[in-house]
Amino acid sequence: MESWKAVLLSLRDRGVKAPKLAVGDGSLGFWSALAEFYPETRA
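I will try to describe carefully the structure that is included in this document. Just so it is clear, the structure is predicted and the values come from calculations on it, not from any experiment.

1. Thoughts on helix α2 (residues 28-37)
Residues spaced three or four apart along an α-helix face the same direction, because each turn holds 3.6 residues.
Point 1. By the burial criterion, the buried members of α2 are Gly29, Phe30, Ala33, Leu34 and Phe37. What you see down the axis of α2 is that its buried residues fit within an arc of 130°, all on one side.
Point 2. Looking at the buried positions of α2, the neighbouring elements they touch are α1 (2-13).

In structure tokens form, the structure reads like this:
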């Protein structure tokens, strides 16, 4: 999950707004990090 946190934190810090929808392949770390940095994004 730490690597996903780093990616999402970097994107947020560079001004990327929360996506409306996220699609993934089941990586639980991704979903946990997404909920932390972009809680309004639908999965």
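Still to come is the rest of the account.
2. Looking at the packing of aromatic side chains
Pairs of aromatic rings are described using the distance from one ring centre to the other and the angle between the two planes.
Point 1. For the coordinates displayed, the defined rule picks out 2 aromatic pairs.
Point 2. When the ring of tryptophan 4 is compared with that of phenylalanine 30, the centres are 4.9 Å apart and the planes differ by 70°; the resulting orientation is edge-to-face. Of this pair, tryptophan 4 sits in helix α1 while phenylalanine 30 is found in helix α2, placing the two residues 26 residues apart along the sequence.
Point 3. Take tryptophan 4: its relative accessible area is 33%, and that puts it in the partly exposed class.
Point 4. Ring geometry for phenylalanine 30 against tryptophan 31: centres 4.8 Å apart, planes inclined by 70°, an arrangement best described as edge-to-face.
Point 5. Site record: aromatic cluster; members linked through ring pairs are Trp4, Phe30 and Trp31.

3. Here we look at the side chain of threonine 41
Point 1. Note that threonine 41 resides in the segment after α2.
Point 2. Residue class for threonine 41 comes out buried when judged on its relative accessible area of 10%.
Point 3. A distance of 2.7 Å separates a polar side-chain atom of threonine 41 from the backbone oxygen of proline 19.
Point 4. In contact with threonine 41, not counting residues within four places along its chain, are Ala18, Pro19, Lys20, Leu21, Ala22 and Leu34.

4. Describing the packing of α1 against α2
Point 1. Taken N-terminus to C-terminus, the directions of α1 and α2 make an angle of 35°; their axes are 9 Å apart at the nearest point. For the pair α1 and α2, the sense of crossing is right-handed. Note on element contacts: α2 touches α1 through Gly29, Phe30, Ala33, Leu34, Glu36 and Phe37, opposite Trp4, Lys5, Leu8, Leu9 and Arg12.
Point 2. Of the residues in the contact of α1 with α2, the class split is 7 nonpolar, 1 polar and 3 charged.

Procedures and definitions
- Within each chain, residue numbers correspond to sequence positions counted from 1 in written order.
- Two thresholds apply to this predicted model, a pLDDT of at least 70 for residue-level local features and 80 or more for giving and counting side-chain atom pairs, whereas whole-chain, interface and lining totals are computed over all residues.
- Computation of side-chain values covers all heavy atoms of the structure but excludes hydrogens and water.
- The cut-offs for exposure are 20% and 50% of the maximum accessible area for each residue type, with area from a 1.4 Å probe on protein chains only; residues under the lower value are buried, those over the upper are exposed, and the others partly exposed.
- Only runs of H or I of at least four residues qualify as helices and only runs of E of at least two qualify as strands under DSSP, and these elements are numbered from the N terminus.
- To be clear, the arc concerns the directions from the helix axis to the C-beta atoms.
- Should any heavy atoms of two residues lie within 4.5 Å, those residues are considered in contact.
- Put simply, two rings from Phe, Tyr or Trp (the six-membered ring, in Trp's case) pair if the centres are within 6.5 Å, and we call them stacked under 30 degrees between planes, edge-to-face over 60, tilted for the rest.
- Here a polar contact means two N or O atoms within 3.5 Å. Within protein one must be a hydrogen donor candidate and the other an acceptor candidate, and residues neighboring in sequence count only if both atoms are side-chain atoms.
- Axes here refer to lines fitted to C-alpha atoms; in helices the fit is confined to the stretch in contact. Angles between the N-to-C directions go from 0 to 180 degrees.
- Take the far helix as your reference; a near helix turned counterclockwise from it by less than a right angle gives a left-handed crossing, and one turned clockwise gives a right-handed crossing.
- Here the nonpolar group is Ala, Val, Leu, Ile, Met, Phe, Trp, Tyr, Cys and Pro; Asp, Glu, Lys and Arg are the charged ones; every other residue, Gly included, is treated as polar.

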